[in-house]
Amino acid sequence: QKEVEQNSGPLSVPEGAIASLNCTYSDRGSQSFFWYRQYSGKSPELIMFIYSNGDKEDGRFTAQLNKASQYVSLLIRDSQPSDSATYLCAVHNYGQNFVFGPGTRLSVLP
Amino acid sequence: GAVVSQHPSWVICKSGTSVKIECRSLDFQATTMFWYRQFPKQSLMLMATSNEGSKATYEQGVEKDKFLINHASLTLSTLTVTSAHPEDSSFYICSAGRSSGGEQYFGPGTRLTVT
């Protein structure tokens, strides 16, 4: 069974700090990796996707992928209270369904 | 781009009735649409995957006769909860993908309450 694992949290960081969210996956054939943010009572919102090993930066967000170690992470720089949400990692292998992790709850303390 | 809408955003119905939820991709053609259910403080649970013009593929444990999915066009999929019961009360979310292997874009969700 293909699995995606995340620490459920809550992960608490002070405002302005770097929040580091991690995700591991079991399917070595996975090719696409996504990070979604979900505020309480709302649907998930795509933040970033990454396909290749290494780092991908978009504003305050950096996704890091290491296929050999089967992990993908999301760094949020200069964390703001508005970043407080649940962050979902999703992994996809072409021709198969997305597999979502259970999510990590992030709390940014003012 | 990549906007997905859902209608209604919330609905209250009586036990035994049926409820239809629409999911539309507004600015792109979705090759595949997905239906999820999420109970409070729990993670997303995939219910089914649908491709335009073909039958939906249901996840294990999801009753296909209870949750009817129609994917009539590349921009519209509907989920009908038939003979709803209070335990069907949940947050139903659709998502759409515009290419195989590509990212999914989620609709805003429909909160269903069955009394």
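Remember, it's a predicted structure, so these values are computed and weren't measured experimentally. (Residues numbered from 1 in each chain as written. Chains lettered and ligands numbered in written order. Predicted model: local features only at pLDDT ≥ 70, side-chain atom pairs only at ≥ 80, totals over all residues. Heavy atoms only, no water.)

Colleague: Please clarify how the overall build of chain A should be interpreted in this entry.
Modeller: Counting its secondary structure elements, chain A contains zero helices and 11 strands. When the helices and strands of chain A are placed in sequence order, the string is β-β-β-β-β-β-β-β-β-β-β. Relative to the 2.2 N^0.38 estimate, which gives 13 Å for 110 residues, the radius of gyration of chain A is 13 Å and therefore close to what a compact globule would have. Reported as C-alpha extents along the three principal axes, the dimensions of chain A are approximately 40 × 30 × 20 Å. Residue burial in chain A is summarised as follows: out of 110 residues, 43% are buried. In chain A, 54% of the contacts between residues at least 6 apart in sequence involve partners at least 24 apart. In chain A, the 9 positive side-chain charges and the 10 negative ones have mean positions that sit 4 Å from each other. (Helix = DSSP H or I, 4+ residues; strand = E, 2+ residues; numbered from the N terminus. Rg over C-alpha atoms; globule rule 2.2 N^0.38 Å. Buried < 20%, exposed > 50% of the residue type's maximum accessible area, 1.4 Å probe, protein only. Contact = heavy atoms within 4.5 Å. Lys, Arg positive; Asp, Glu negative; His and termini not counted. Charge placed at Lys NZ, Arg CZ, Asp CG, Glu CD.)

Colleague: What is the right way to read the packing of aromatic side chains from this model?
Modeller: Aromatic ring pairs are defined here through the distance separating the ring centres and the angle between the ring planes. Scanning the entire structure with this criterion turns up 14 aromatic pairs over all chains. One aromatic cluster is present, formed by Phe34, Tyr36, Phe49, Tyr51, Phe98 and Phe100 of chain A together with Phe34, Tyr36 and Phe106 of chain B through successive ring pairs. The ring of Phe49 of chain A has Lys56 of chain A lying over it, and the distance from NZ or CZ to the ring centre is 3.9 Å. (Phe/Tyr/Trp six-rings, centres within 6.5 Å; stacked < 30°, edge-to-face > 60°. Lys NZ or Arg CZ within 6 Å of the ring centre and 35° of its normal.)

Colleague: I would appreciate a short explanation of the side chain of Arg37 of chain A in the present structure.
Modeller: All names here are of chain A. With respect to the element layout, Arg37 can be found in strand S4 (residues 32-38). Polar contacts involving the side chain of Arg37 include one to the side chain of Tyr39, which spans 3.5 Å. When near neighbours in sequence (up to four residues on either side) are disregarded, Arg37 contacts Ser43, Pro44, Glu45, Ile47, Phe61, Asp83, Ala85, Thr86 and Tyr87. (Polar contact = N/O pair within 3.5 Å; in protein donor to acceptor, adjacent residues only side chain to side chain.)

Colleague: How should I be thinking about the interface of chain A and chain B in this particular structure?
Modeller: Interfaces are frequently sized by the accessible area removed from exposure as the parts join. In this assembly, 19 residues from chain A lie in contact with 21 residues from chain B. The tally of links between chain A and chain B comes to five residue pairs in polar contact (both at pLDDT 80 or more). Those elements giving two or more residues to the side of chain A that touches chain B turn out to be S4, strand S5 (45-50) and strand S9 (85-92) of chain A. Sorting elements by how many residues they give to the side of chain A that touches chain B places S4 of chain A first, with four residues.

Colleague: Would you explain the sheet that holds strand S1 (residues 4-5) of chain A in this entry?
Modeller: Sheet strands line up and pair through hydrogen bonds in the backbone, either parallel or antiparallel. Residue and element names in this part refer to chain A. Spatially, S1-S3-S8-S7-S6 is the arrangement adopted by the five strands of the open sheet, whose pairing is antiparallel. With partners counted over all chains shown, the strands left at the sheet margins are S1 and strand S6 (54-58), one partner each. In the sheet, strand S3 (residues 19-25) pairs with strand S8 (residues 71-76) via six bridges, with the strands oriented antiparallel. From the neighbouring strand, Leu21 faces S8, where its bridge partner is Leu74. (Pairing = 2+ DSSP bridges.)

Colleague: So what exactly am I meant to see when it comes to the state of the cysteines here?
Modeller: Cysteine pairs can be covalently joined through their sulfur atoms, and such a bond is termed a disulfide. Overall, the coordinates contain two disulfides over all chains when judged by the stated rule. Through a disulfide, Cys23 of chain A is tied to Cys89 of chain A; the S-S separation comes to 2.0 Å. Across the disulfide from Cys23 of chain A to Cys89 of chain A, rotation about the S-S bond amounts to roughly -70°, and the bridge is consequently left-handed. On the criterion of sequence distance, the pair formed by Cys23 of chain A in strand S3 and Cys89 of chain A in strand S9 is long-range, its members being 66 residues apart. Considered together, Cys23 of chain A and Cys89 of chain A belong to a single accessibility category, that of buried residues. In this structure Cys13 of chain B is a free cysteine whose sulfur lies 18 Å from that of Cys94 of chain B, the closest cysteine sulfur available. On the basis of relative accessibility, which here comes to 8%, the residue Cys13 of chain B falls in the buried class. (Disulfide = S-S within 2.5 Å.)

Colleague: Quick question: what am I supposed to make of the environment of Arg37 of chain A here?
Modeller: Assessed through its relative accessible area of 14%, Arg37 of chain A is described here as buried. Here the alpha-carbon distance between Arg37 of chain A and Asp83 of chain A, two residues 46 residues apart in the chain, equals 8.7 Å.

Colleague: Looking at this structure, how should I read empty space enclosed by the protein?
Modeller: Where empty space is left becomes clear once a probe the size of a water molecule has been rolled over the atoms. Residue and element names in this part refer to chain A. Enumeration according to the criterion identifies one cavity of 30 Å³ or more in this entry. Counted as a void, the largest cavity has a volume near 60 Å³. Lining the largest cavity, in full, are Lys2, Glu3, Val4, Tyr25, Ser26, Asp27, Ser30, Val91, His92, Asn93, Asn97 and Val99. Split by residue class, the lining of the largest cavity holds four nonpolar, five polar and three charged. (1 Å grid on protein atoms, 1.4 Å probe; cavity = no way out; pocket = protein on both sides within 12 Å on 5 of 7 lines; lining within 4 Å. Points joined across faces, edges and corners; volume = space filled by probe spheres on them. Nonpolar A, V, L, I, M, F, W, Y, C, P; charged D, E, K, R; others polar.)

Colleague: Sorry if this is basic, but what is going on with the sheet that holds strand S3 (residues 19-25) of chain B here?
Modeller: Residues and elements named next belong to chain B. With antiparallel pairing, the four strands of this open sheet are ordered in space as S1-S3-S8-S7. One side of each edge strand has no neighbouring strand; the edge strands of this open sheet are strand S1 (4-7) and strand S7 (67-73). The mean inter-strand angle of the sheet, taken between neighbouring strand axes irrespective of direction, is 15°. As paired strands, S3 and strand S8 (residues 76-81) are joined by six bridges and run antiparallel to one another. The residue of S8 that forms the bridge with Val19 is Val81. (Axes fitted to C-alpha atoms, helices over the stretch in contact; angles between N-to-C directions.)

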